[in-house]
Amino acid sequence: MKKLPYDWLEEIINLAAEWVVVVDREGIVLFINEAYCDYLGTTQEAALGQNVRDVIENTRMHIVAKTAHAEIASIHTIKGSEMIANRHPLYIGGELVGAVGAVMFRNAADWMAYSNKVQPLIEELDYYKKRFANELKSKYSFHDLAGETEVFLQAKQLAERVSSSQSAVLLTGQSGTGKELFAHAIHGASSRCAFPFVRVNSASIPEQLLESELFGYEEGAFTGAKKGGSKGKFELAHRGTIFLDEIGDMPLAMQSKLLRVLQEKEIERVGGQETKPIDVRIIAATHRDLEAMVKEGTFREDLYYRLNVMKIDVPSLAERKKDLPLLAAVLLKKLARAFDRPQLTLSLEAKNRLLLHSWPGNIRELENILERAVNVMDGTVIRMNHLPLYLQDDPAMEQRSSTEETAIIPLKHAVQQAEKQAFKAALNRSPNKTEAARLLGIGKTKLYDKCREYGL
Ligand SMILES: Nc1ncnc2c1ncn2[C@@H]1O[C@H](COP(=O)(O)OP(=O)(O)O)[C@@H](O)[C@H]1O
Ligand SMILES: [Mg+2]
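These numbers were taken from a predicted model, which means no experiment stands behind them.

**A short note on the site of ligand 1**
And step 1. The immediate surroundings of ligand 1 are formed by 17 residues, with Gly-176, Lys-179, Glu-180, Arg-364 and Glu-367 found nearest.
And step 2. Measuring from a nitrogen atom of ligand 1, one finds a backbone N or O atom of Ala-146 at 3.0 Å.
And step 3. Separating an oxygen atom of ligand 1 from a backbone N or O atom of Leu-181 is a distance of 3.3 Å.
And step 4. For ligand 1, the protein covers 91% of the area, taking 560 Å² as the surface of the free molecule.
And step 5. Of the residues contributing to the shell around ligand 1, the split by class is 6 nonpolar, 5 polar and 6 charged.

**Observations concerning the packing of helix 20 (residues 433–440) against helix 21 (residues 444–454)**
And step 1. At a closest axis distance of 9 Å, the pairing of helix 20 and helix 21 adopts a crossing angle of 100 degrees. Judged on the interaxial angle alone, helix 21 and helix 20 are roughly perpendicular. The segment helix 20 lies against helix 21, with Lys-433, Thr-434, Ala-436, Ala-437 and Leu-440 engaging Lys-444, Leu-447, Tyr-448 and Cys-451.
And step 2. Partitioned by chemical class, the residues of the contact of helix 20 with helix 21 number 6 nonpolar, 1 polar and 2 charged.

**A few points about the confidence of the model for the protein chain**
And step 1. When pLDDT is averaged along the protein chain, the result is 88, and 94% of the positions lie at 70 or above.
And step 2. Per-residue pLDDT stays below 50 along residues 400–405; that stretch engages in 4 contacts with residues further than four places along the chain or on separate chains.

**Quick word on a nonpolar patch on the surface**
And step 1. The grouping of Leu-4, Tyr-6, Trp-8, Leu-9 and Ile-12 at the surface amounts to a nonpolar patch, some 540 Å² of accessible area in total.
And step 2. Note that Leu-9 resides in helix 1 (residues 6–16).

**Let's talk about the sheet that holds strand 12 (residues 310–313)**
And step 1. Read across the open sheet, the 5 strands follow the order 7-8-11-6-12; overall the sheet is parallel. Two strands close off the open sheet at either side, each with one partner strand: strand 7 (197–201) and strand 12. Pairwise comparison of adjacent strand axes, ignoring direction, gives a mean angle of 20 degrees for this sheet.
And step 2. In this sheet, strand 11 (residues 281–286) lies alongside strand 6 (residues 169–172) in parallel orientation, the contact comprising 4 bridges. By the bridge assignment for strand 11, Val-169 is matched with Ile-283.

**Looking at the environment of Leu-259**
And step 1. In this structure, Leu-259 sits in helix 11 (residues 252–264).
And step 2. The spacing of Leu-259 and Asp-302 is 43 residues in sequence and 7.8 Å in space, taken between C-alpha atoms.
And step 3. Not counting chain neighbours up to four residues away, the residues in contact with Leu-259 comprise Arg-300, Asp-302, Leu-303 and Arg-306.

**What to know about the pairing of strand 11**
And step 1. By the criterion of burial, strand 11 is predominantly enclosed, with 6 of the 6 residues buried.
And step 2. Inspection of the sheet shows strand 8 (residues 241–245) paired to strand 11 by 4 bridges, in the parallel sense. Within strand 11, the residue paired with Thr-241 across the bridge is Arg-281.

**A closer look at the pattern of salt bridges**
And step 1. Throughout the structure, instances matching the rule amount to 18 salt bridges.
And step 2. In this structure, the salt-bridge partner of Arg-199 is Glu-180, at a minimum N-O distance of 3.6 Å. One end of the pair, Arg-199, is in strand 7; the other, Glu-180, is in helix 8 (residues 179–188), with 19 residues separating them in the sequence.
And step 3. For Arg-199, a relative accessible area of 33% puts it in the partly exposed group.
And step 4. With its nearest N and O atoms 3.0 Å apart, the salt bridge here joins Arg-269 to Glu-235. Taken as a pair, Arg-269 in the loop between strand 9 (266–268) and strand 10 (275–277) and Glu-235 in helix 10 (residues 233–236) lie far apart in primary sequence, 34 residues in all.
And step 5. Using a relative accessible area of 14% as the deciding quantity, one classes Arg-269 as buried.

**Re the packing of aromatic side chains**
And step 1. Per the counting criterion, the structure on display carries 7 aromatic pairs.
And step 2. Pairing Phe-152 with Phe-182 gives two aromatic rings, centres 5.9 Å apart and planes at 80 degrees, and the pair type is edge-to-face. Pair noted here: Phe-152 is in helix 7 (residues 150–163) and Phe-182 is in helix 8, with a separation of 30 residues, a long-range link.
And step 3. The exposure class assigned to Phe-182 is buried, which follows from its relative accessible area of 1%.
And step 4. Over the aromatic face of Tyr-39 sits the side chain of Lys-79, whose NZ or CZ is 5.3 Å from the ring centroid.
And step 5. One residue, Arg-320, lies across the ring of Phe-152, its end atom 3.7 Å from the ring centre.

**What to know about the domain arrangement of the protein chain**
Interfaces are often sized by the accessible area lost when the parts come together.
And step 1. Domain boundaries assigned for the protein chain yield domain 1 (12–105), domain 2 (142–313) and domain 3 (319–454).
And step 2. For domain 1 versus domain 2, the separation of C-alpha centres amounts to 58 Å.

So, how was this worked out
- Residues numbered from 1 in each chain as written.
- Chains lettered and ligands numbered in written order.
- Predicted model: local features only at pLDDT ≥ 70, side-chain atom pairs only at ≥ 80, totals over all residues.
- Heavy atoms only, no water.
- Near = heavy atom within 4 Å.
- Polar contact = N/O pair within 3.5 Å; in protein donor to acceptor, adjacent residues only side chain to side chain.
- Areas by Shrake-Rupley, 256 points an atom, 1.4 Å probe, with all protein chains shown as cover.
- Nonpolar A, V, L, I, M, F, W, Y, C, P; charged D, E, K, R; others polar.
- Axes fitted to C-alpha atoms, helices over the stretch in contact; angles between N-to-C directions.
- Helix = DSSP H or I, 4+ residues; strand = E, 2+ residues; numbered from the N terminus.
- Parallel < 35°, antiparallel > 145°, perpendicular 65-115°, else oblique.
- Contact = heavy atoms within 4.5 Å.
- pLDDT = per-residue confidence, 0-100.
- Patch = residues over 30% accessible without salt bridge, like charges linked within 9 Å, V, L, I, M, F, W, Y side chains within 5 Å.
- Salt bridge = Lys/Arg side-chain N within 4 Å of Asp/Glu carboxyl O.
- Pairing = 2+ DSSP bridges.
- Buried < 20%, exposed > 50% of the residue type's maximum accessible area, 1.4 Å probe, protein only.
- Phe/Tyr/Trp six-rings, centres within 6.5 Å; stacked < 30°, edge-to-face > 60°.
- Lys NZ or Arg CZ within 6 Å of the ring centre and 35° of its normal.
- Domains from an automatic or database assignment.

As structure tokens, then:
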């Protein structure tokens, strides 16, 4: 094979790194290029064979040639200009023979030009790194799970207990009960907490994308596949936790693939050849009745048993209505912070009305109602007229139609509510006040008084 001629080498050095110097172990200059000599105000003839300290001011080449400790990006002042120098020990055949120095930026302006290009890239990278880290961190801890009722505390204690294990967890419960918060908290209290928490919502990802979303894909796996391929959620969650939300909405074909991954503990990217070992803990959640789905054949039985190692049933708000005032207070505190409002509270009337509601949407519904109220009100107290219309009229109707136990509220308010309902009903039947009073079996004056009291 033809060898690179020596004179080429010198030209290459001139092109690649503009200023270069080589010394032996005693610090004698063995090589220095022309451009460097020009700046120093000397010539190659004059510099070669000299002690480097007599050629370059403030040099440290002779030190690096002795200590063999590289000095990277050190500031080197020559003739009043700050340069950035890299100094490397030079080994030939495993033996220290001297040192090589290169000046990267000959002055502040050079450095600025470079840094102006690189700095924004570094900042951008930093931004994405932080965002990535934030998104993959679990956002809630057990401390954030408000509630004091027995059913809730039981679920919370069970969740705390399973955090330290590596077993799969299945969170069941209606929508809006806080299953996602539980998943965050379990991860945050586990030994995996320093690693990612990655959520996948099977219900929101189109079936044909779910596989590549979960397991990633190789370059060219399909049209539109990114160059270099892409990591799937399982890979992103490596050593951490993957939260399979709405697992009951996962199509059967994907259920089989998921089961295989859980059994083999390795994944294969879409369009890929090799398998990759993965170490993730599974937390799954659903508002569906998986057992019923297994019976009707829409959920794989083997996958169900695989996920159902530890089952935690997150109670609905209707089952823990006593927690409503506490939850409302916690949520209002959060809203006050988010909207930059002073202390927000519920009026007694509004609170009693909320206690009568059946809460099909659970805590999420409560959160929405409170947020809406904060948007429509001026002061700091949430009153009846700040509640959505469906809560403003006819609690009795709702109460009658709902199957849950009747909420206990102070008798005075119960009587007032019943009274107001009766007045409304009578006035609806007959807008004529004399007739309405007759229907209610009271005098007209009393009717007028009550109408004023209840704002009818
Ligand atoms: N115990 C709780 N304390 C405070 N807020 C809660 C609690 N549980 C749920 N929330 C709030 O209720 C909303 C719905 O919770 P989420 O975990 O998304 O429910 P799910 O996943 O069961 O549908 C979230 O915005 C969350 O902040
Ligand atoms: Mg959810």
